[in-house]
Amino acid sequence: TRAMRKSGVRACWPPGHQAIPANPDQALHEEASRHAQRLAQYDAGAAAGAVAPDAATLRQRAEAIRAAVRHAWQGYRKLAWGRDELVPIAGKGVDKKFN
């Protein structure tokens, strides 16, 4: 993925995030390198005898994820069907007109 500059667009950057990098491509490459190092450390830990989760733990985690998705889908279906988003505190759906 390459960062793109567009005339008239300053940036879309999450609030509270660090400053916008002067060279986004370089920043992206550096982040990818840090990520690769973390993965290598994880792999080294596994090779050094770190215990991987057993099948029962993996099944339990998968079921927790399924339950969370089911819960979110049921809320959307009940309160916001046909709308763009569910506003959970208000308990209703809204259209953001983003299309």
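Residues numbered from 1 in each chain as written. Predicted model: local features only at pLDDT ≥ 70, side-chain atom pairs only at ≥ 80, totals over all residues. Heavy atoms only, no water.

Caption draft 1: Inspection of the overall build of the protein chain at higher detail. Scanning the protein chain for helices and strands turns up two helices and two strands. Across the protein chain, helices and strands are ordered from the amino to the carboxyl terminus as α-α-β-β. A buried classification covers 4% of the 99 residues belonging to the protein chain. Pairs at least 24 residues apart make up 2% of the contacts formed inside the protein chain by residues separated by at least 6 positions. (Helix = DSSP H or I, 4+ residues; strand = E, 2+ residues; numbered from the N terminus. Buried < 20%, exposed > 50% of the residue type's maximum accessible area, 1.4 Å probe, protein only. Contact = heavy atoms within 4.5 Å.)

Caption draft 2: Expanded view of the packing of aromatic side chains. Summed over the entire model, instances satisfying the criterion amount to three aromatic pairs. On the basis of an interplanar angle of 35 degrees and a centroid distance of 5.7 Å, the ring pair of Trp73 and Tyr76 is categorised as tilted. Taken together, the residues Trp73 and Tyr76, both in helix H2 (residues 55–79) and three residues apart, mark about one turn of the helix. Judged by its relative accessible area of 42%, Trp73 falls in the partly exposed class. The rings of Trp73, Tyr76 and Trp81 are connected pair by pair, giving a single aromatic cluster. (Phe/Tyr/Trp six-rings, centres within 6.5 Å; stacked < 30°, edge-to-face > 60°.)

Caption draft 3: Just the pattern of salt bridges, in detail. Throughout the structure, instances matching the rule amount to five salt bridges. We note a salt bridge from Arg70 to Glu63, for which the minimum N-O separation is 3.5 Å. Residue Arg83 pairs with Asp95 through a salt bridge whose shortest N-O separation is 3.6 Å. One end of the pair, Arg83, is in the loop between H2 and strand S1 (85–87); the other, Asp95, is in the segment after strand S2 (92–94), and twelve residues separate them in sequence. On the accessibility criterion, Asp95 (33% relative accessible area) is partly exposed. (Salt bridge = Lys/Arg side-chain N within 4 Å of Asp/Glu carboxyl O.)

Caption draft 4: Structural detail: the confidence of the model for the protein chain. Summary statistics for the protein chain give a mean pLDDT of 81 and a share of 76% for residues scoring 70 or more. At the level of individual helices and strands, the protein chain shows its lowest average pLDDT in helix H1 (residues 24–47), which scores 82, and its highest in H2, which scores 93. (pLDDT = per-residue confidence, 0-100.)

Caption draft 5: Structural detail: the environment of Gly75. With respect to the helices and strands, the residue Gly75 is situated in helix H2. Sequence-wise, Gly75 and Gly91 are 16 residues apart; in three dimensions their C-alpha atoms are separated by 8.6 Å. Ignoring sequence-local partners within four residues, the contact set of Gly75 consists of Ala80 and Leu86.

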